[in-house]
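Summary of structural features
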There are 2 protein chains.
Amino acid sequence: MKKEYKSEAEFLKDYNPKDFEQLSMTADILLISISDEETNNYRKTNDKMMSILLVKRDDYPFKGKWCLPGGFLNPVGETLEECAKRVLKKETNLQDIYLEQLYTFDNPKRDPRTRVVSTSYMALVDKNKLTDMINENACWFDVVLLEDNKKEVEVTLSNGIDTIHLKIKKVLREKTTDRYDFISENNNEIAFDHDLVIVAGLERLRNKLNYTDIVFNMMPKYFTLGELQKVYEVILNKKLLDPAFRRIIAGKVEKTNKMKTGEGHRPSALFKYKG
Amino acid sequence: MKKEYKSEAEFLKDYNPKDFEQLSMTADILLISISDEETNNYRKTNDKMMSILLVKRDDYPFKGKWCLPGGFLNPVGETLEECAKRVLKKETNLQDIYLEQLYTFDNPKRDPRTRVVSTSYMALVDKNKLTDMINENACWFDVVLLEDNKKEVEVTLSNGIDTIHLKIKKVLREKTTDRYDFISENNNEIAFDHDLVIVAGLERLRNKLNYTDIVFNMMPKYFTLGELQKVYEVILNKKLLDPAFRRIIAGKVEKTNKMKTGEGHRPSALFKYKG
DNA sequence: GTTAGATATTAACAAAATATTAATAAGAGG
DNA sequence: CCTCTTATTAATATTTTGTTAATATCTAAC
């Protein structure tokens, strides 16, 4: 029989959340940076690449597998974003960097322990600004986008020692907005459903590049237009034409009186983000 | 002392989620439609408007307040989207309509009972397609966007009897992507933090209008270009020029041999979504 | 009937944005 | 000083978008 309450306060005094089935939540972070030969200890090319931070699990479940940094939400007073920041600080000592909520993943089978819903965050940083050492179980992996069409996405992650190959099938879900359901075809190459988080994050970054200034979160203070263009090209995975690129970017940056020399060709002007 | 496990299976056998603090989750749905005089029982104008579905709470907390349809996630096997669909079916008997995850709201104080994290979904529908009656505690509210600048958003919701005035302060959070934190300035005009969900949803819809065909989810099968243009104008909250609009939309629709007459002016051709 | 009012539809032109090609600039390194 | 490489910009073609205005065809009022 339902008890009749006379006020919100009276109702709340009686309420016990343990009367209901509950669950756990985590916040996972996709930390993306641009790497080049200076910040890369195994490649000998001059190419820029995207790289993401992975952590090796030293406990069950998925013991020994790589995964995104993440951790359980403390339900007593902590927000998911605070949780994400706490984890990020622990792994990289980074604070005050660009962070945005990406998506909430909730496949009931995504965690073998119990029902765990995960809200993922995307964070962008310029790796070179990382002065402190990152946690010893964490490592940067270069990202190579092998394939990205309407049927599938294929990504290879590599740190020079380990190589992780991710393959995700796309199933058209909604024609009007060209949305797809992503179905992992990986057999525990990476822990949990973090392959889906990575793919969703790379796509979000690619989209935001076109209509925001998000890119400057992963640039150093001073950069040449050539460097900036390479970053765009790496993220978009295609060549851009110089004059077109310069027109688009012109209003966002301002020329400094510094120059970058010693590169074996005509020196280029250094720019900085205007704003 | 930490126990040493030899396999994933052995570890899982010992794992008890109740050893940790847990929480509850809900899925909330922002159902948006376009209303006009035919589907509106109190306005006598010919204008199209956006309208959203609200539900009156008949239990504590927030007893008697309006809120978005939503419900608790069943942690045993139900996904958040399944939960959203279940609630939507209960309130409107609608199935198979456009649904997309909007954002996860997790302010620890958003629910006075206990820690409840809510993942919100946006759903679009053409109200006229609703053949079944909606639940008796549910009601369509017309949406009037009074103000939307870099400092604040103001929205009025009205069903002819009740009027709900929402005011939300914006605080710039991130310059590069022009993102804002939304701070509710409402004193329980609407239950929970559903004012934030509404504002986030309206903004998402406005953005998606520009680069997707999302609008056709709220259109009838056959429509005139004038009607379609009005829907754009209502959502974007501004006038559009005819030839420009027609050029943009031309590739997305196809002319049928039907005409719409009886409107007191030159008849217009009926179009349908191509795809 | 005739005319006014309303929106539909398209033509025509102007302006702005974008794409493309190619010319010129200037340090590094032989 | 010659070649390589990338930087930078000029010049032009093409496409897209903005604007104005002309014409079409219905309903309703007179």
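Residues numbered from 1 in each chain as written. Chains lettered and ligands numbered in written order. Predicted model: local features only at pLDDT ≥ 70, side-chain atom pairs only at ≥ 80, totals over all residues. Heavy atoms only, no water.

All names here are of chain A. Residue Pro61 is bonded to the preceding Tyr60 through a cis peptide linkage, with omega at -5 degrees. Within the chain, Phe62 stands out as a residue other than glycine whose phi angle is a positive 60 degrees. Topologically, Phe62 is positioned in the loop between strand S2 (49–56) and strand S3 (66–67). The class of Phe62 is buried, set by a relative accessible area of 11%. Even without being a glycine, Asn93 presents a positive backbone phi close to 65 degrees. Note on placement: Asn93 falls in the loop between helix H2 (80–92) and strand S5 (98–105). (Helix = DSSP H or I, 4+ residues; strand = E, 2+ residues; numbered from the N terminus. Buried < 20%, exposed > 50% of the residue type's maximum accessible area, 1.4 Å probe, protein only.)

Below, the discussion takes up the interface of chain A and chain B. One widely used convention gives an interface's size as the accessible area the parts lose upon coming together. Each partner contributes residues to the interface: chain A has 58 residues there, and chain B has 58 residues. Summed over both partners, the interface of chain A with chain B buries about 5,000 Å², with 53% contributed by carbon and sulfur atoms. At the boundary of chain A with chain B, the tally comes to two salt bridges. There are 23 residue pairs in polar contact (both at pLDDT 80 or more) connecting chain A and chain B. For the side of chain A that touches chain B, the secondary structure elements donating two or more residues are helix H1 (8–14), strand S1 (24–35), H2, S5, strand S6 (116–124) and strand S9 (163–174) of chain A. Among the elements that take part in the side of chain A that touches chain B, S5 of chain A stands out by supplying six residues, more than any other. For the side of chain A that touches chain B, a count of residues per class yields 24 nonpolar, 15 polar and 19 charged. (Contact = heavy atoms within 4.5 Å. Buried area = accessible area lost by both parts, 1.4 Å probe. Salt bridge = Lys/Arg side-chain N within 4 Å of Asp/Glu carboxyl O. Polar contact = N/O pair within 3.5 Å; in protein donor to acceptor, adjacent residues only side chain to side chain. Nonpolar A, V, L, I, M, F, W, Y, C, P; charged D, E, K, R; others polar.)

With that out of the way, let us pick up the sheet that holds strand S13 (residues 268–273) of chain A. Ordered by their spatial adjacency, three strands build an open sheet running S11-S13-S12 (chain A), and the pairing between neighbours is antiparallel. Edge strands, defined here as strands with exactly one partner in the open sheet, are strand S11 (223–224) and strand S12 (253–260) of chain A. (Pairing = 2+ DSSP bridges.)

Moving on, we get to the protein's contact with DNA strand C. Surveying the vicinity of DNA strand C reveals 20 residues, the closest of which are Arg247, Gly264 and Arg266 of chain A together with Arg266 and Ala269 of chain B. The sugar and phosphate moieties of DNA strand C supply 55% of its atoms located within 4 Å of the protein. Between DNA strand C and the protein, one listed contact pairs a base nitrogen with a side-chain N or O atom of Arg266 of chain A at 2.9 Å. Within the contact set of DNA strand C, a phosphate oxygen lies 3.2 Å away from a side-chain nitrogen or oxygen of Arg246 of chain B. Of all elements in the fold, only helix H5 (242–250) of chain A together with helix H5 (242–250) and strand S13 (268–273) of chain B reach the threshold of two or more residues within the surface near DNA strand C. (Near = heavy atom within 4 Å.)

Right, let's talk about empty space enclosed by the protein for a bit. Residues and elements named next belong to chain B. Counted by the stated rule, this structure contains one cavity of 30 Å³ or more. By volume, the largest cavity is sized at about 40 Å³. What lines the largest cavity is simply Leu145, Asp148, Val153, Phe182, Val199, Leu202, Glu203 and Arg206. With four residues, the top contributor of residues to the lining of the largest cavity is helix H3 (residues 194–211). (1 Å grid on protein atoms, 1.4 Å probe; cavity = no way out; pocket = protein on both sides within 12 Å on 5 of 7 lines; lining within 4 Å. Points joined across faces, edges and corners; volume = space filled by probe spheres on them.)

Below, the discussion takes up the packing of aromatic side chains. Counted under the stated rule, the structure contains 12 aromatic pairs over all chains. A ring pair is formed by Tyr232 of chain B and Phe245 of chain B, whose centres lie 5.1 Å apart and whose planes are at 70 degrees; its orientation type is edge-to-face. Taken as a pair, Tyr232 of chain B in helix H4 (residues 225–236) and Phe245 of chain B in helix H5 lie far apart in primary sequence, 13 residues in all. Here the aromatic cluster, defined as three or more aromatic residues joined through ring pairs, consists of Phe216, Phe223 and Tyr273 of chain A. The aromatic ring of Tyr180 of chain A is capped on one face by Lys170 of chain A, whose charged end is 5.2 Å from the ring centroid. (Phe/Tyr/Trp six-rings, centres within 6.5 Å; stacked < 30°, edge-to-face > 60°. Lys NZ or Arg CZ within 6 Å of the ring centre and 35° of its normal.)

Structural alignment of chain A on chain B gives an RMSD of 0.0 Å, achieved by rotating through 180 degrees and translating 0.0 Å along the axis. Taken together, the rotation and translation relating the two chain copies correspond to the operation of a two-fold axis. (Least-squares fit on C-alpha atoms with pLDDT ≥ 70 in both.)

The subject of this paragraph is the pairing of S5 of chain A. Residue and element names in this part refer to chain A. Burial analysis of S5 places seven of its eight residues in the buried class, which makes it a mostly covered element. As judged from the seven bridges shared by S5 and S6, these two strands associate in the antiparallel manner. Residue pairing for S6: Tyr98 is matched across the bridge by Leu124.

Once that is clear, we can look at the packing of H3 of chain B against H4 of chain B. All names here are of chain B. Between H3 and H4, the shortest axis-to-axis distance is 9 Å and the interhelical angle comes to 135 degrees. Classed by the angle they form, the pair H3 and H4 counts as oblique. Here H3 runs over H4; the crossing is left-handed. Contacts from Leu205, Arg206 and Leu209 in H3 reach Tyr232, Ile235 and Leu236 in H4. Split into classes, the residues belonging to the contact of H3 with H4 amount to five nonpolar, no polar and one charged. (Axes fitted to C-alpha atoms, helices over the stretch in contact; angles between N-to-C directions. Parallel < 35°, antiparallel > 145°, perpendicular 65-115°, else oblique. Left-handed = near helix turned anticlockwise from the far one by under 90°.)

All right, on to the domain arrangement of chain A then. Residues and elements named next belong to chain A. Each domain of chain A was delimited in the assignment, giving domain 1 (24–208) and domain 2 (214–273). Taking only C-alpha atoms into account, the centre of domain 1 sits 26 Å from that of domain 2. For the pair domain 1 and domain 2, the summed buried surface comes to about 1,300 Å²; carbon and sulfur atoms form 74% of the total. Linking domain 1 with domain 2 are one residue pair in polar contact (both at pLDDT 80 or more), by the criterion used here. At the level of elements, S1, S2, S5, S6 and helix H3 (194–211) are the ones that each hand at least two residues to the side of domain 1 that touches domain 2. Classifying every residue of the side of domain 1 that touches domain 2 by side-chain character gives 10 nonpolar, one polar and six charged. (Domains from an automatic or database assignment.)

Residues and elements named next belong to chain B. Taken together, the three strands give an open sheet; going across it, the order is S11-S13-S12, and neighbouring strands pair in antiparallel fashion. This sheet does not close on itself; its edge strands, each paired only once, are strand S11 (223–224) and strand S12 (253–260). In this sheet, S13 lies alongside S11 in antiparallel orientation, the contact comprising two bridges. Looking at S13, one finds that Phe223 is bridged to Phe271.

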